[in-house]
Amino acid sequence: MDFVHLDTYLNYIDANIILGRLENEGINCWLMDENTVTVNPIWNQAVGGIKLMVASQQAEWALELLSAFKEEKKQAIKCIHCGSGNIEFVTTPRKASNWLGAFAGFFLGDLALPVDKVYHCFDCKAEFSQEKMDKKNEF
Ligand SMILES: [Zn+2]
């Protein structure tokens, strides 16, 4: 059976959520390089992330399901500033707070500085934390 590469993920959680949802719909699929990236995340760039492989006969159907899942996600998560659904949960390096941090950051890159995960809006360019998002959604 032939498999085609349909999508790529940077972490195993997103990849497995999509894998499970596709399998629920009867799609024959699996994840390539999942173990490599999960055991050693620094290899993520080298191997090109976790690849979603789908049976070629079901690729068109799987692609339709994938875009439906993405649309669903956009409807569920909205920017707290402009209300756009065009946002992603992204990793952003913390700013160096002193000369030592700047020095370490220069030589070690992202490894030296802890990273923050924030929502980034691609429409109004705003960035905000999960906590702000939770406060906004409280009633
Ligand atoms: Zn926005």
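Preceding this paragraph is the structure being described.
Because the structure is predicted, anything quoted here is derived from the model rather than measured.

J.: What's the story with the overall build of the chain in this structure? I'm lost.
T.: When helices and strands are tallied, the chain shows six helices and six strands. Of the regular secondary structure in the chain, the N- to C-terminal order runs β-α-β-α-α-β-α-β-α-β-β-α. Of all 139 residues assigned to the chain, the portion counted as buried reaches 29%. Sequence separation of at least 24 residues holds for 63% of the intrachain contacts in the chain that already meet a minimum separation of 6. Here the chain has roughly 9500 Å² of accessible surface; of this, 57% comes from carbon and sulfur atoms.

J.: Quick question: what am I supposed to make of the coordination of the zinc ion here?
T.: Distances from the zinc ion to its protein donors, Cys79 (SG), Cys82 (SG), Cys121 (SG) and Cys124 (SG), fall at 2.3 Å. One can describe the site at the zinc ion as tetrahedral: its four donor atoms subtend angles covering 105 to 114 degrees at the metal. Of note, the donors binding the zinc ion are all from one chain and are spaced C-x2-C-x38-C-x2-C. For Cys121, a relative accessible area of 0% puts it in the buried group.

J.: Please explain the nonpolar core as it appears in this structure.
T.: Most often, soluble globular proteins keep nonpolar side chains buried together rather than apart. Ranked by size, the top nonpolar core spans 18 residues in total, and within it Leu22 and Leu52 carry the most contacts. Elements supplying a minimum of two residues to this core: β1 (3-9), α1 (12-24), β2 (29-32), β3 (50-55) and α4 (59-76). With five residues, the single largest contributor to this core is α4. Ignoring any residue separated from it by four or fewer positions in sequence, one finds Leu52 in contact with Val4, His5, Leu6, Asp7, Tyr9, Ile18, Leu19, Leu22, Cys29, Trp30, Leu31 and Leu66. Core analysis: the second largest hydrophobic core is formed by eight residues, Cys79, Ile87, Tyr119 and Cys121 among them.

J.: What is the right way to read the packing of α1 against α4 from this model?
T.: Helix packing for two helices is described by the angle between their axes and how far apart those axes are. Contact geometry of α1 with α4 gives a least axis separation of 11 Å together with a crossing angle of 125 degrees. The angle between α1 and α4 falls in the class oblique. Considering only the axes of α1 and α4, their crossing is right-handed. Along its contact with α1, which presents Ile18, Arg21 and Leu22, the element α4 presents Ala62, Leu65, Leu66, Phe69 and Glu72. For the contact of α1 with α4, the per-class residue count stands at six nonpolar, no polar and two charged.

J.: When you look at the packing of aromatic side chains in this model, what are you seeing that I'm missing?
T.: Aromatic rings in a pair are described by how distant their centres are and how their planes are angled relative to each other. With the rule as written, the count across this model stands at three aromatic pairs. Ring geometry for Phe89 versus Tyr119: centroids 4.6 Å apart, planes at 40 degrees, classification tilted. With Phe89 in strand β4 (residues 87-93) and Tyr119 in strand β5 (residues 115-121), the pair connects residues that are 30 residues apart, well separated along the chain. Phe89 gets classed as partly exposed once you look at its relative accessible area, which sits at 34%. By relative accessible area, Tyr119 is classed as buried at 9%. Relative to Phe128, the ring of Tyr119 lies with its centre 5.8 Å away and its plane at 25 degrees, an arrangement referred to as stacked. Through a chain of ring-to-ring contacts, the aromatic side chains of Phe89, Tyr119 and Phe128 assemble into a single cluster.

J.: Looking at this structure, how should I read the side chain of Lys51?
T.: Within the secondary structure, Lys51 sits in strand β3. Look at Lys51 and you get buried, because its relative accessible area is 10%. Within the structure, Lys51 has its side chain in polar contact with the backbone oxygen of Gly49 (distance 2.9 Å). Beyond its immediate sequence surroundings of up to four residues, Lys51 is in contact with His5, Asp7, Thr8, Trp30, Leu31, Met32 and Asp33.

Conventions and cut-offs
- Residues numbered from 1 in each chain as written.
- Predicted model: local features only at pLDDT ≥ 70, side-chain atom pairs only at ≥ 80, totals over all residues.
- Heavy atoms only, no water.
- Helix = DSSP H or I, 4+ residues; strand = E, 2+ residues; numbered from the N terminus.
- Buried < 20%, exposed > 50% of the residue type's maximum accessible area, 1.4 Å probe, protein only.
- Contact = heavy atoms within 4.5 Å.
- Areas by Shrake-Rupley, 256 points an atom, 1.4 Å probe, with all protein chains shown as cover.
- Donors = N, O, S within 2.8 Å, 3.2 Å for Na, K, Ca; no water.
- Tetrahedral: all angles 85-135°; square planar, octahedral: opposite > 155°, others 65-115°.
- Core = buried A, V, L, I, M, F, W, Y, C linked by side-chain atoms within 4.5 Å.
- Axes fitted to C-alpha atoms, helices over the stretch in contact; angles between N-to-C directions.
- Parallel < 35°, antiparallel > 145°, perpendicular 65-115°, else oblique.
- Left-handed = near helix turned anticlockwise from the far one by under 90°.
- Nonpolar A, V, L, I, M, F, W, Y, C, P; charged D, E, K, R; others polar.
- Phe/Tyr/Trp six-rings, centres within 6.5 Å; stacked < 30°, edge-to-face > 60°.
- Polar contact = N/O pair within 3.5 Å; in protein donor to acceptor, adjacent residues only side chain to side chain.

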